Amino acid sequence: VGEPAHTARRLRFASGAEVFLRDATVASVILHTRPTPFAPRGVDLRAWLPGTSDDATLDEIAKGVHARPRFGGPYAYFAREERFVRCRFEGRWSEPGHLVELAVTLAEPGRACQPDDDFCGTCGDLLVRADGVDGVDGVDVDATVDALTAARDAQLLREGRSVVPLADLRLLHSSGLMERVESHLECTSCRRTTCLTLYRDAPPTCVHLTFDAAMRRPLEAIPPVEQWGDAARIAAAADAMRYVDHHPGSWFLAEHESGWYLQSRYSRGPMVDGSCLIRLEASEVEGYRTGGREYLTLLARQIDESRPWTDESPFGRRHLALADEPGAASLRARFEEAIANHRWIAQQRQAQHRRLAPPG
Ligand SMILES: [Zn+2]
């Protein structure tokens with residue numbers, strides 16, 4: 001599995017237990033409470049965890065393991081002596097009869113990929129290996145990109161928007177302009193993110209990470225498309241919207257051949273925030289040219305003070321979410337795409353700032 005590769009193995013027992021190994025180390029043991037093709041009866045949980053049963057609710061399991069439940073990914077789980085007891089329910093965990101499996105695992109659910117995800121029927125087999133053809137080992141980049149693209153087009157994977165699009169991966173890599181070029185695809189079944197990375201000076205890698213871990217991977221700025229795109233790619237980019245600037249917590253500015261677009265945040269009360277996306281008028285573009293960022297911050301304040309969610313606000317009427325001009329929806333989508341990367345970076349900085357801030 002993956003590249004660099006690890007060996008994933010599972011052993012299935014007619015008792016309803018399943019043992020997962022990673023490079024010959026036991027990484028997880030799953031007890032299936034429901035019948036499976038290899039275990040027609042499933043386990044009898046009473047024999048494994050006194051005080052519980054195959055019908056146990058989350059509370060009953062909590063009493064059985066003497067711990068409080070936590071939640072991560074699709075699981076409820078308990079921490080015990082640096083191991084985790086992971087439960088999966090189909091239906092409500094507060095009512096009996098919905099427990100499907102109980103697992104003991106080394107990897108913390110929600111924080112690290114689970115060993116059984118290696119057998120995910122959706123994303124487990126998409127890496128194609130070169131296997132020594134033409135003296136090349138490891139990832140067959142062309143075949144893997146094709147497999148990932150087909151799975152994405154079938155909506156089995158969702159493409160990450162804050163990284164290099166899969167369609168640009170090889171063009172950017174062969175330009176030699178970036179140290180590492182990486183695409184992210186999130187699995188709709190197991191929720192892992194497949195990260196395919198092409199390095200300037202090293203063989204390609206393909207790893208599976210949790211969504212959070214994938215988001216923490218270092219991002220390199222993507223150079224202007226004119227420096228690496230072919231004619232078709234450059235033409236497509238001319239039609240795209242470009243991020244220009246932003247002020248944390250206040251506004252984002254993007255540029256398109258149809259004009260300049262400002263998304264401005266407003267507060268409707270102590271707990272309710274909203275945002276308003278407008279195309280700048282000629283006088284406002286002029287204001288930005290002469291006044292720069294400060295002009296936009298003032299304009300954002302005017303928009304906020306005009307109460308843009310009301311009919312009286314001249315800015316509210318220009319909000320592209322309401323404006324029924326043709327193409328408004330597509331402009332909104334392009335705007336979101338243009339700022340996605342920068343929004344994420346801004347959120348990371350805010351989160352870091354919160355972590356550093358003293359409590360209270
Ligand atoms: Zn998957």
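As the structure is a prediction and not an experimental result, all values here were calculated from the model. (Residues numbered from 1 in each chain as written. Predicted model: local features only at pLDDT ≥ 70, side-chain atom pairs only at ≥ 80, totals over all residues. Heavy atoms only, no water.)

We now examine the sheet that holds strand β2 (residues 17–22). On the basis of which strands lie adjacent, the open sheet formed by 7 strands has the order β1-β2-β3-β7-β6-β5-β4 and antiparallel pairing. Pairing within the sheet leaves two strands with one partner each, and these edge strands are β1 (8–12) and β4 (70–72). On average, each strand axis in the sheet is inclined to that of its neighbour by 25°, with strand direction left out of account. Where strand β6 (residues 83–89) and strand β7 (residues 99–105) come together, 6 bridges link them in antiparallel fashion. Looking at the pairing, Arg88 lines up with Glu101 of β7. (Pairing = 2+ DSSP bridges. Helix = DSSP H or I, 4+ residues; strand = E, 2+ residues; numbered from the N terminus. Axes fitted to C-alpha atoms, helices over the stretch in contact; angles between N-to-C directions.)

Residues Cys123, Leu148, Leu157, Leu169 and Leu196 are the most contacted members of the largest nonpolar core, which totals 24 residues. Contributions of two or more residues to this core are made by α3 (141–153), α4 (169–175), β9 (180–187) and β10 (193–199). It is α3 that contributes the most residues to this core, 4 residues altogether. When near neighbours in sequence (up to four residues on either side) are disregarded, Cys123 contacts Leu157, Cys187, Cys190, Arg192, Thr194 and His208. Residues Ala17, Leu45, Ala56 and Leu99 belong to the second largest nonpolar core, which totals 17 residues. (Core = buried A, V, L, I, M, F, W, Y, C linked by side-chain atoms within 4.5 Å. Buried < 20%, exposed > 50% of the residue type's maximum accessible area, 1.4 Å probe, protein only. Contact = heavy atoms within 4.5 Å.)

Turning next to the coordination of the zinc ion. Looking at the zinc ion, the protein donor atoms are Cys120 (SG), Cys123 (SG), Cys187 (SG) and Cys190 (SG), and they sit 2.3 to 2.4 Å from it. Of note is the zinc ion, whose 4 donor atoms meet at the metal with angles of 99 to 113° in an arrangement that counts as tetrahedral. For the zinc ion, all donor residues lie on one chain, and their spacing in sequence is C-x2-C-x63-C-x2-C. Look at Cys123 and you get buried, because its relative accessible area is 2%. (Donors = N, O, S within 2.8 Å, 3.2 Å for Na, K, Ca; no water. Tetrahedral: all angles 85-135°; square planar, octahedral: opposite > 155°, others 65-115°.)

Right, let's talk about the side chain of Glu108 for a bit. Here Glu108 shows up in the loop between β7 and α3. Within the local environment of Glu108, its side chain forms a polar contact with the side chain of Tyr77, the two groups lying 2.6 Å apart. (Polar contact = N/O pair within 3.5 Å; in protein donor to acceptor, adjacent residues only side chain to side chain.)

Moving on to the sheet that holds β10. What the 4 strands build is an open sheet, ordered β8-β9-β10-β11; its pairing is antiparallel. The open sheet has two edge strands, β8 (157–159) and β11 (205–209), and neither has a second partner. For this sheet the average axis-to-axis angle between neighbouring strands, irrespective of direction, equals 25°. With 5 bridges joining them, β10 and β11 adopt antiparallel strand pairing. Paired with Thr194 across the strands is His208, a residue of β11. Seen against the sheet, α3 touches β8, β9 and β10 and runs at an angle of roughly 150° to β10.

Let us now look at the domain arrangement of the protein. Taken domain by domain, the protein comprises domain 1 (8–118), domain 2 (133–226) and domain 3 (239–356). Placing the centre of domain 1 and that of domain 2 at their C-alpha centroids yields a distance of 32 Å. Taken residue by residue, the interface counts 6 residues in domain 1 and 5 residues in domain 2. Taking both sides of the interface into account, the surface hidden between domain 1 and domain 2 amounts to around 430 Å²; carbon and sulfur atoms contribute 57%. Note that Asp118 and Arg192 form a salt bridge whose closest N and O atoms lie 3.2 Å from each other. (Domains from an automatic or database assignment. Buried area = accessible area lost by both parts, 1.4 Å probe. Salt bridge = Lys/Arg side-chain N within 4 Å of Asp/Glu carboxyl O.)

It is a general feature of regular strands that their side chains alternate between the two faces of the sheet. Judged from the 3 bridges that link them, β4 and strand β5 (residues 75–80) form a sheet pairing that is antiparallel. The partner of Phe71 across the bridge, within β5, is Ala76. What sits between the antiparallel neighbours β4 and β5 is a turn of 2 residues, in which Gly73 has the positive phi angle 60°. Bridge count between β5 and β6: 5 bridges; the pairing is antiparallel. Note on β6: the bridge partner recorded for Tyr77 is Arg86. Taking the residues between adjacent antiparallel strands as the criterion, β5 and β6 are bridged by 2 residues, where Glu81 takes a positive phi near 50°.

Attention now goes to unusual backbone geometry. Keep in mind that most residues, glycine aside, have a negative phi and that most peptide bonds are trans. Backbone torsion omega between Glu3 and Pro4 reads 5°, so that peptide bond is classified as cis. Checked against the element boundaries, Pro4 lands in the segment before β1. Even without a glycine there, the phi angle at Ala24 is positive, about 70°. By the secondary structure assignment, Ala24 is in the loop between β2 and β3 (25–32). By relative accessible area, which is 72% here, Ala24 ends up exposed. The residue His66 is not glycine, and still its phi comes out positive at about 55°. When you line up the elements, His66 lands in the loop between α2 (58–65) and β4. For His66, a relative accessible area of 68% corresponds to the exposed category.

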